[in-house]
Amino acid sequence: NPFNPTTTISFTLTRPAKVKLTVFTALGEPLATLADDTRPAGTHRLTFDGSGLASGTYLYRLEADGRAETRTLTLVR
């Protein structure tokens, strides 16, 4: 999933839930919080802007409904 400089992160909720989506460096340092609120059921799309960041691998963590998932993002310049 290489991107330059923006990417869209999509997720679907089967019921309303508190959602937190945070982007981290490869070392685990938080860079941005894209969501930290309650969202309704349905598909959601959030945009991450990597302008000003170096090329490399970043992580995002989605926490919702008592579950968490971490995935990678690759910024290519």
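Since this is a predicted model, take the numbers as computed values, not measurements. (Residues numbered from 1 in each chain as written. Predicted model: local features only at pLDDT ≥ 70, side-chain atom pairs only at ≥ 80, totals over all residues. Heavy atoms only, no water.)

Asker: Whenever I open this one, the environment of Ala68 confuses me. Can you help?
Answerer: With respect to the element layout, Ala68 can be found in strand 7 (residues 67-75). For Ala68, a relative accessible area of 44% corresponds to the partly exposed category. Along the sequence, Ala68 and Ala32 sit 36 residues apart, while their C-alpha atoms lie 17 Å from each other. (Helix = DSSP H or I, 4+ residues; strand = E, 2+ residues; numbered from the N terminus. Buried < 20%, exposed > 50% of the residue type's maximum accessible area, 1.4 Å probe, protein only.)

Asker: It is not clear to me how the packing of aromatic side chains should be interpreted in this structure. Could you clarify?
Answerer: Two aromatic rings are characterised by how far apart their centres lie and by the angle between their planes. Applying the stated criterion across every chain yields a total of 1 aromatic pair. Judged by centre distance (6.1 Å) and plane angle (70 degrees), the ring pair of Phe3 and Phe48 falls under edge-to-face. Placement of the pair is Phe3 in strand 1 (residues 2-3) and Phe48 in strand 5 (residues 42-49), with a sequence separation of 45 residues. (Phe/Tyr/Trp six-rings, centres within 6.5 Å; stacked < 30°, edge-to-face > 60°.)

Asker: Sorry if this is basic, but what is going on with the nonpolar core here?
Answerer: Taken as a class, soluble globular proteins show a tendency for nonpolar side chains to be buried jointly. Counting 17 residues, the largest nonpolar core has Phe11, Leu13, Val19, Leu21, Val23, Tyr60 and Leu73 as the members making the most contacts within it. Counting residues per element, the ones that place at least two in this core are strand 2 (6-13), strand 3 (17-24), strand 5, strand 6 (56-64) and strand 7. In contact with Leu21, other than residues within four places in its own chain, are Ile9, Phe11, Ala32, Thr33, Leu34, Ala35, Leu46, Tyr60, Arg61 and Leu62. (Core = buried A, V, L, I, M, F, W, Y, C linked by side-chain atoms within 4.5 Å. Contact = heavy atoms within 4.5 Å.)

Asker: Even after reading the chapter, I still don't get the pattern of salt bridges, so can you show me in this structure?
Answerer: Pairing between side chains of opposite charge can happen when the charged atoms of each approach one another. Under the counting rule described, the total for this entry stands at 5 salt bridges. As a salt-bridge pair, Arg15 and Asp65 come within 2.8 Å of each other at their nearest N and O atoms. Of this pair, Arg15 sits in the loop between strand 2 and strand 3 while Asp65 sits in the loop between strand 6 and strand 7, and the two are 50 residues apart along the sequence. Taking the relative accessible area as the measure of exposure, Arg15 reaches 48% and is therefore partly exposed. (Salt bridge = Lys/Arg side-chain N within 4 Å of Asp/Glu carboxyl O.)

Asker: So what exactly am I meant to see when it comes to the sheet that holds strand 1 here?
Answerer: What links the strands of a sheet is backbone hydrogen bonding, and the strands pair in either a parallel or an antiparallel sense. Pairing in this open sheet of 5 strands is mixed, and the strands run 1-7-6-3-4 from one edge to the other. Two strands in the sheet have a free side with no partner beyond their single neighbour: strand 1 and strand 4 (30-39). Note that strand 6 and strand 7 share 9 bridges and pair antiparallel. Residue pairing for strand 7: Thr57 is matched across the bridge by Thr74. (Pairing = 2+ DSSP bridges.)

Asker: What is the right way to read the pairing of strand 7 from this model?
Answerer: A regular strand places its side chains so that they alternate between the two faces of the sheet. As paired elements, strand 1 and strand 7 share 2 bridges and run parallel to each other. Note on strand 7: the bridge partner recorded for Pro2 is Thr74. Linkage of strand 6 to strand 7, two consecutive antiparallel strands, is achieved through a turn of 2 residues, within which Asp65 is found at a positive phi near 55 degrees.

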